[in-house]
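# Reading the structure
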Protein chains: 4
Amino acid sequence: MTNAQITLVQLDNYGPWTVTPEPRREADLQTMQSRLFADLSQFFGTRDGYVFFTRFDNMIAVTNGADLEDHARVQESIRNRYPVTVSLGIGTGASPTDALVDATAHLQAAGSAQDAERREVLGGQPLADDERADDDVHIAHFDVNDATGKYTDELDAFSTFVRIEQGYASLMRVLHDEYGGLGFFVGGDNVVAIVPELDRAAYEAVIEHVRAEADMSLKVGVGSGHTATDAGLAAKHALERCREDGTIVEGDV
Amino acid sequence: MTNAQITLVQLDNYGPWTVTPEPRREADLQTMQSRLFADLSQFFGTRDGYVFFTRFDNMIAVTNGADLEDHARVQESIRNRYPVTVSLGIGTGASPTDALVDATAHLQAAGSAQDAERREVLGGQPLADDERADDDVHIAHFDVNDATGKYTDELDAFSTFVRIEQGYASLMRVLHDEYGGLGFFVGGDNVVAIVPELDRAAYEAVIEHVRAEADMSLKVGVGSGHTATDAGLAAKHALERCREDGTIVEGDV
Amino acid sequence: MTNAQITLVQLDNYGPWTVTPEPRREADLQTMQSRLFADLSQFFGTRDGYVFFTRFDNMIAVTNGADLEDHARVQESIRNRYPVTVSLGIGTGASPTDALVDATAHLQAAGSAQDAERREVLGGQPLADDERADDDVHIAHFDVNDATGKYTDELDAFSTFVRIEQGYASLMRVLHDEYGGLGFFVGGDNVVAIVPELDRAAYEAVIEHVRAEADMSLKVGVGSGHTATDAGLAAKHALERCREDGTIVEGDV
Amino acid sequence: MTNAQITLVQLDNYGPWTVTPEPRREADLQTMQSRLFADLSQFFGTRDGYVFFTRFDNMIAVTNGADLEDHARVQESIRNRYPVTVSLGIGTGASPTDALVDATAHLQAAGSAQDAERREVLGGQPLADDERADDDVHIAHFDVNDATGKYTDELDAFSTFVRIEQGYASLMRVLHDEYGGLGFFVGGDNVVAIVPELDRAAYEAVIEHVRAEADMSLKVGVGSGHTATDAGLAAKHALERCREDGTIVEGDV
Ligand SMILES: Nc1nc2c(ncn2[C@@H]2O[C@H](COP(=O)(O)OP(=O)(O)OP(=O)(O)O)[C@@H](O)[C@H]2O)c(=O)[nH]1
Ligand SMILES: Nc1nc2c(ncn2[C@@H]2O[C@H](COP(=O)(O)OP(=O)(O)OP(=O)(O)O)[C@@H](O)[C@H]2O)c(=O)[nH]1
Ligand SMILES: Nc1nc2c(ncn2[C@@H]2O[C@H](COP(=O)(O)OP(=O)(O)OP(=O)(O)O)[C@@H](O)[C@H]2O)c(=O)[nH]1
Ligand SMILES: Nc1nc2c(ncn2[C@@H]2O[C@H](COP(=O)(O)OP(=O)(O)OP(=O)(O)O)[C@@H](O)[C@H]2O)c(=O)[nH]1
Ligand SMILES: [Ca+2]
Ligand SMILES: [Ca+2]
Ligand SMILES: [Ca+2]
Ligand SMILES: [Ca+2]
């Protein structure tokens, strides 16, 4: 059974900060945002979690295994090293979608993302140790077939990007609306999705949906585990089996 | 007149590297990719350029003002500090789209993105000093109206993300297909586009297109300048005027 | 009683790398080295340890609380993100000096720091959970009295630096040779020392030694704890009491 | 003739910040300081300068080739990405020592390093283009002979560190007091010094001084150039010639 722990990371009152006292240079904002994301990825990533950059001012993380103290620690570390602070909402649930709704609610209940008084909220509760099991996290790692030969080496870089984005948009919608999964583009031609337990037919249907809607052919490796890292590495190994065997769904299905 | 200089940054043979000798942990890849992007953003950003993360393994930069030596220098700096290397293709043109086609062609001519022998290509030519003018770069900074009130504080974080992505996808397609512009999501609810010179009616049409297709209401500030930074800051100031005056198009139109 | 766990972090075969195929630019090396140190400081620091930059190619960390898996994880993370790899030697002992001798021996036994075949050694054993106690780590945080008024605002920046370095050299020698402590300059006018349990008279003697040998007047806050962070924060609070009360030794003595 | 341009980078009112509202964790400070230094090293380093970490709250840079606008740009970039700001003093002179005195004076004249009102000073003037020549910068890169065999592989890591520090302290003092040079430890067993034009006999005397005072045997490569990078790379190549030929002084002497 799935038991996802999702953390929503939200920069506090960030919009106003970007234009006070006047608009800040975009390059500095880009550098700052991506370094902040990298730090979160390093922090949770070495605690067996996954962080997705999402909108950069709102990042979504799979944090099974990280407790309240870990969350408070990263909040403090960012306060000590950046000009901005972060609020954290933690949600749990059988479906990743529900867990994120829960996580979001903890922040929204505390105030607006642009409330100058709302700072460093730490809301929600991580899974207790005795609620955790070896297959709490299910990850599906999707990858475009021969993206290099069909797109990168053939089209101009923006057209490739548009093609990949379209496939990605189609994929993330179907996963979310039909299956309760959360898919994130992680660069290149890859989408990592945190999903409930799904069977082979479901993955085949998802892949067929993206082929029909966005004319893009995908393969997927699926893994489950105690943490995002366990599940994610299993998914990556399954994806390699797709490559070796020419299959489109491999792994824990 | 527009005179865009676009650089395509492509990680060399990156796909194979991510799975050799076996799949590398995604969190490490995310951390590495975003730090590499941050470094490029810092490098070109403090030389008055803009870098967009795009697919992370292929990044697109507006580099008016950066010469061949600058490009070679950043290539060397990355080689000295990362486990991967980058190839750089430079293109120029009256339309940003054409400039990027040109930039891409220089890399594709040198070999595949996954050719183990193709490393650290530096192709194409920057604008000569006497070809450069004060309005070479046109930037349009698009922003969603009241994203906080309508989405961030109302929907769960993924649903907000999906909404923003859909508006963004619609916007980047129309800019590219109809106007020769390149639009990039830069986080939050913002899209920065490098565009040819366009008039007010064009921007109104673009905004109306996104409203009709993706049900999202945008405003835009437009700026022009010698470099991306000049144009981009002018665009941001124009966007502030939209906020103050309740208008939807301001700036150099 | 002290029970220090010290980790020696050594870049593998780094000297030859810096000049192959020809000498690399020093600025790139400086950037790379300090980012690598920052990552280690973030990694162990958020696991309640302290890392000192020392020589940058050889860094010394207090790692009570980090187990073998943590050490292996950071080794992998660096391999995945840097052009260099690290070897790690772990030592333990009642005196920090002994623990470091132990840590060093694990690496030296495996081969030379410039042996091209010796890569990513992970030697030695962390403390078992049942060997750990609440006062395992003792930290003394030394600070120069009125460094701003006496040096920074008075002398040129290099002369200030020379003065601070001289005081620091005197302090680190006496701590090491007489007391089995390891003192590290951490920037500004501060030295953080990992020490055995020492009494007030010892600290007064150390401070007097530095006054006599290097004509520099110090104060010190001393803390003990389960981890470096616990001990270090206690030491910092004790140092604040020195500031408030005009005393020169405060804390766990 | 030497014509050094030296920039003093000073964190504004940093001491009080580190303990407000209460002492901040040392690991966060270490991470923040070293990332800030890395950014400066990347910024000036890719503009052909060198930055030395010195005390981290006061850093010294050789900035020949960087103008006022560059200095203002890095100041802004740091303000946009860090919780602290920096003041910059620029000095020039035939001797590096004098240039630094000049640089320091510009900051001291503007107020104390711990004056809460003194923020983001930008004082002093860079060299005008017509004052600059091809041999403005002289760099001497000193290196310990067989540091690996004699120290790293033989002594414990702290004892090696103490030995290197002692040699380094002796070297930096004699360079400063006798020759008007500024020497900085850059990690490993290396000291990079920015020096006036000195002859072979002077370098032999310096090396002999360190041998006699600190029992450490050094070699040195000397380079000159338009910028720190030019001079520094020439010095590194000269140092390689020392290695190949078994000599102790090579290069522009
Ligand atoms: N973030 C991330 N990106 C990856 C990973 N593997 C590949 N990529 C990216 O995906 C791009 C394409 O690589 P591949 O998927 O290996 O290449 P392909 O041409 O699509 O070939 P096949 O997938 O084998 O059909 C690379 O440039 C990387 O950017 C991964 O594990 N994580
Ligand atoms: N990268 C980037 N992001 C920005 C910028 N300005 C705002 N944002 C992001 O956009 C989000 C929303 O901020 P705003 O656009 O100020 O807020 P809003 O609720 O949409 O309000 P209005 O735009 O004023 O109607 C913020 O959290 C930031 O992430 C900017 O200049 N650059
Ligand atoms: N790394 C680190 N540096 C610090 C810390 N506290 C102060 N510093 C540094 O020390 C410098 C001097 O600060 P203070 O020690 O507060 O100032 P002071 O003039 O010596 O005054 P007193 O120590 O109060 O007599 C600052 O610029 C910082 O660089 C700290 O906790 N950690
Ligand atoms: N920052 C920096 N460090 C260096 C450089 N070259 C070497 N090092 C450091 O110096 C250490 C010792 O390397 P070497 O000087 O090559 O080795 P050695 O054993 O002293 O041998 P010889 O100098 O050849 O006698 C390495 O681990 C590096 O940390 C350099 O160019 N810059
Ligand atoms: Ca693929
Ligand atoms: Ca908005
Ligand atoms: Ca002090
Ligand atoms: Ca050496």
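Residues numbered from 1 in each chain as written. Chains lettered and ligands numbered in written order. Predicted model: local features only at pLDDT ≥ 70, side-chain atom pairs only at ≥ 80, totals over all residues. Heavy atoms only, no water.

### As for the interface of chain D and chain C
To keep things clear, this is the line we draw: Any two residues having at least one pair of non-hydrogen atoms within 4.5 Å are treated as being in contact. Buried area counts how much accessible surface, traced with a 1.4 Å probe, disappears from two parts once they are put together, with both parts' losses summed. Take a side-chain nitrogen of Lys or Arg and a carboxyl oxygen of Asp or Glu: if they are within 4 Å of each other, that pair is a salt bridge. Secondary structure elements follow DSSP: runs of H or I no shorter than four residues count as helices, runs of E no shorter than two count as strands, and numbering proceeds from the N terminus. Put simply, Ala, Val, Leu, Ile, Met, Phe, Trp, Tyr, Cys and Pro go in the nonpolar bin, Asp, Glu, Lys and Arg in the charged bin, and everything else, Gly too, in the polar bin.
At the junction of the two partners, chain D supplies 71 residues and chain C supplies 71 residues. For the pair chain D and chain C, the summed buried area comes to about 6000 Å², and 60% of that belongs to carbon and sulfur atoms. There are four salt bridges connecting chain D and chain C. Of the charged contacts, one joins Glu 26 of chain C and Lys 236 of chain D as a salt bridge, the two residues approaching to 2.9 Å between their closest N and O atoms. When residues of the side of chain D that touches chain C are traced back to their parent elements, those giving at least two are β1 (4–11), α2 (26–45), β3 (58–62), α4 (96–110), α5 (147–152), α6 (157–179), β7 (182–185) and α8 (228–245) of chain D. With 14 residues, α2 of chain D is the single largest residue contributor to the side of chain D that touches chain C. Here the residues of the side of chain D that touches chain C sort into 27 nonpolar, 27 polar and 17 charged.

### Comments concerning the coordination of the calcium ion (ligand 7)
Residues and elements named next belong to chain C. As a reminder of what qualifies: Donor atoms are limited to N, O and S found within 2.8 Å of the metal ion, a distance that becomes 3.2 Å for Na, K and Ca. With water left out, some sites might look partial.
Around the calcium ion (ligand 7), the donor atoms from the protein are Asp 143 (OD), Asp 143 (OD), Val 144 (O) and Asp 189 (OD), and they sit 2.2 to 2.9 Å away. Counting the intervening residues between successive donors of the calcium ion (ligand 7) yields the motif D-V-x44-D. With a gap of 45 residues between them, Val 144 in strand β6 (residues 137–144) and Asp 189 in the loop between β7 (182–187) and β8 (190–195) connect regions that are remote in the sequence.

### What to know about the side chain of His 138 of chain B
Residues and elements named next belong to chain B. The test is simple: Buried means the residue's accessible area, taken with a 1.4 Å probe over protein chains only, is under 20% of the maximum for its type, while exposed means over 50%, and partly exposed covers the values in between. Whenever two N or O atoms come within 3.5 Å, that pair is a polar contact, provided that in protein one can donate a hydrogen and the other can accept it, and provided that, for residues adjacent in sequence, both atoms are side-chain atoms.
By secondary structure assignment, the location of His 138 is in strand β6 (residues 137–144). The exposure class of His 138 is buried, given its relative accessible area of 4%. Within the structure, His 138 has its side chain in polar contact with the backbone oxygen of Asp 135 (distance 3.0 Å).

### Notes on the layout of surface pockets
To keep things clear, this is the line we draw: Any residue with an atom within 4 Å of a point lines the site, the site being either a cavity, points on a 1 Å grid over the protein atoms alone where a 1.4 Å probe fits but cannot get out, or a pocket, an open set with protein on both sides within 12 Å along at least 5 of 7 lines. Grid points are joined across faces, edges and corners, and a volume is the space filled by probe spheres set on the points.
Approximately 1100 Å³ is the volume found for the largest pocket. Lining the largest pocket are 45 residues, and of these Arg 47, Gly 65 and Asp 70 of chain A together with Arg 47 and Asp 70 of chain C sit closest to its centre. If you list the elements that add at least two residues to the lining of the largest pocket, you get α3 (68–79) and α8 (228–245) of chain A together with α3 (68–79) and α8 (228–245) of chain C. The residue makeup of the lining of the largest pocket, split by class, is 11 nonpolar, 12 polar and 22 charged.

### So, the interface of chain A and chain B
The interface of chain A with chain B comprises 71 residues on the first partner and 71 residues on the second. Together, the buried faces of chain A and chain B total about 5900 Å²; carbon and sulfur atoms form 60% of this surface. Where chain A packs against chain B, one counts four salt bridges. Note that Arg 35 of chain B and Asp 39 of chain A form a salt bridge whose closest N and O atoms lie 2.8 Å from each other. Our count for the chain A to chain B interface comes out at 34 residue pairs in polar contact (both at pLDDT 80 or more). Elements with a contribution of two residues or more to the side of chain A that touches chain B: β1 (4–11), α2 (26–45), β3 (58–62), α4 (96–110), α5 (147–152), α6 (157–179), β7 (182–185) and α8 of chain A. Considering every element that reaches the side of chain A that touches chain B, the biggest residue donor is α2 of chain A, with 14 residues. Class assignment of the residues belonging to the side of chain A that touches chain B gives a composition of 27 nonpolar, 27 polar and 17 charged.

### Here we look at the packing of aromatic side chains
Residue and element names in this part refer to chain C. Just so we agree on the cut-off: Stacked, tilted and edge-to-face are the three classes applied to pairs of Phe, Tyr and Trp rings, where Trp contributes its six-membered ring and a pair requires centres within 6.5 Å; stacked means planes under 30 degrees apart, edge-to-face means over 60, and tilted covers the rest.
For the structure shown, the criterion picks out 54 aromatic pairs over all chains. Ring geometry for Phe 37 and Phe 53: centres 5.8 Å apart, planes at 85 degrees, overall edge-to-face. Of this pair, Phe 37 sits in helix α2 (residues 26–45) while Phe 53 sits in the loop between β2 (50–52) and β3 (58–62), and the two are 16 residues apart along the sequence. By the burial criterion, Phe 37 is buried, and Phe 53 matches it.

### A short note on unusual backbone geometry
The peptide bond linking Thr 20 of chain B to Pro 21 of chain B adopts the cis configuration, its omega dihedral lying at -5 degrees. With a phi close to 50 degrees, Asp 146 of chain A is a non-glycine residue in the positive phi region. Looking at Asp 146 of chain A, the relative accessible area reads 48%, which means it is partly exposed.

### Observations regarding α8 of chain A
Residues and elements named next belong to chain A. What counts, and what does not: One fewer than the residue count of a helix, multiplied by 1.5 Å, yields its expected span.
The end-to-end C-alpha separation of α8 is 25 Å, in line with the 26 Å expected for 18 residues at 1.5 Å each. Buried within α8 are the following residues: Ala 228, Thr 229, Ala 231, Gly 232, Ala 235, Lys 236, Ala 238, Leu 239, Glu 240 and Cys 242. Phi turns positive, to about 70 degrees, at Gly 246, one or two residues after α8.

### Structural notes on the side chain of Thr 46 of chain A
Looking at the element boundaries, Thr 46 of chain A is found in the loop between α2 and β2 (50–52). At 2.8 Å, the side chain of Thr 46 of chain A and the backbone oxygen of Gln 42 of chain A are in polar contact. Setting aside its immediate chain neighbours within four residues, Thr 46 of chain A contacts Ser 41 of chain A together with Phe 43, Arg 47 and Arg 73 of chain C.

### Some points on the site of ligand 1
Using the following cut-off: We define proximity as follows: a residue is near a molecule or strand when any one of its heavy atoms falls within 4 Å of that partner. The Shrake-Rupley method, run with a 1.4 Å probe sphere, supplies the accessible areas, and residue values consider only the shown protein chains as cover.
Around ligand 1 sit 22 residues in total, of which Asp 146, Ala 147, Thr 148 and Arg 243 of chain A together with Asp 57 of chain B are the nearest. Surrounding ligand 1 is a set of residues that belongs to chains A and B. Taking Ala 147 of chain A, its main chain carries an N or O atom lying 2.8 Å from an oxygen atom of ligand 1. A distance of 2.8 Å separates a nitrogen atom of ligand 1 from a polar side-chain atom of Glu 26 of chain B. Starting from 630 Å² of accessible surface for ligand 1 in isolation, the protein chains cover 88%. Elements with a minimum of two residues in the shell around ligand 1: β6 (137–144), α5 and α8 of chain A together with α1 (14–18) and α2 (26–45) of chain B. Examining the composition of the shell around ligand 1, we find that four residues originate from one element, α2 of chain B, more than from any other. Tallied by class, residues from the shell around ligand 1 come to five nonpolar, nine polar and eight charged.

### Considering the site of ligand 2
Near ligand 2, the surroundings consist of 23 residues, among which Asp 57 of chain A together with Asp 146, Thr 148, Asp 189 and Arg 243 of chain B are the closest. Mapping the residues adjacent to ligand 2 onto the chains of the assembly identifies chains A and B. The contact in question runs from an oxygen atom of ligand 2 to an N or O atom on the backbone of Asp 146 of chain B, over 2.7 Å. Within the complex, 88% of the 630 Å² of free accessible area of ligand 2 lies under protein.

### As for the pattern of salt bridges
When the charged atoms of two side chains with opposite charge come close together, those side chains can pair. A complete count under the given rule lists 60 salt bridges over all chains for this structure. With its nearest N and O atoms 3.0 Å apart, the salt bridge here joins Glu 120 of chain A to Arg 79 of chain A. Here Glu 120 of chain A, found in the loop between α4 and β5 (122–123), pairs with Arg 79 of chain A, found in helix α3; they are 41 residues apart in sequence, far enough to count as distant. Accessibility expressed as a relative area gives 34% for Arg 79 of chain A, which makes it partly exposed. Between Arg 211 of chain D and Glu 208 of chain D there is a salt bridge, and its shortest N-O distance comes to 2.9 Å. Of this pair, Arg 211 of chain D and Glu 208 of chain D both sit in helix α7 (residues 200–214), separated by three residues, roughly a single helical turn. Residue classification places Arg 211 of chain D among the partly exposed residues on the basis of a relative accessible area of 41%. Residue Glu 208 of chain D is classed as partly exposed on the basis of its relative accessible area, which comes to 38%. In this structure, a network of salt bridges that share partners links the residues Arg 35 of chain A, Asp 39 and Arg 81 of chain B, Arg 35 of chain C together with Asp 39 and Arg 81 of chain D.

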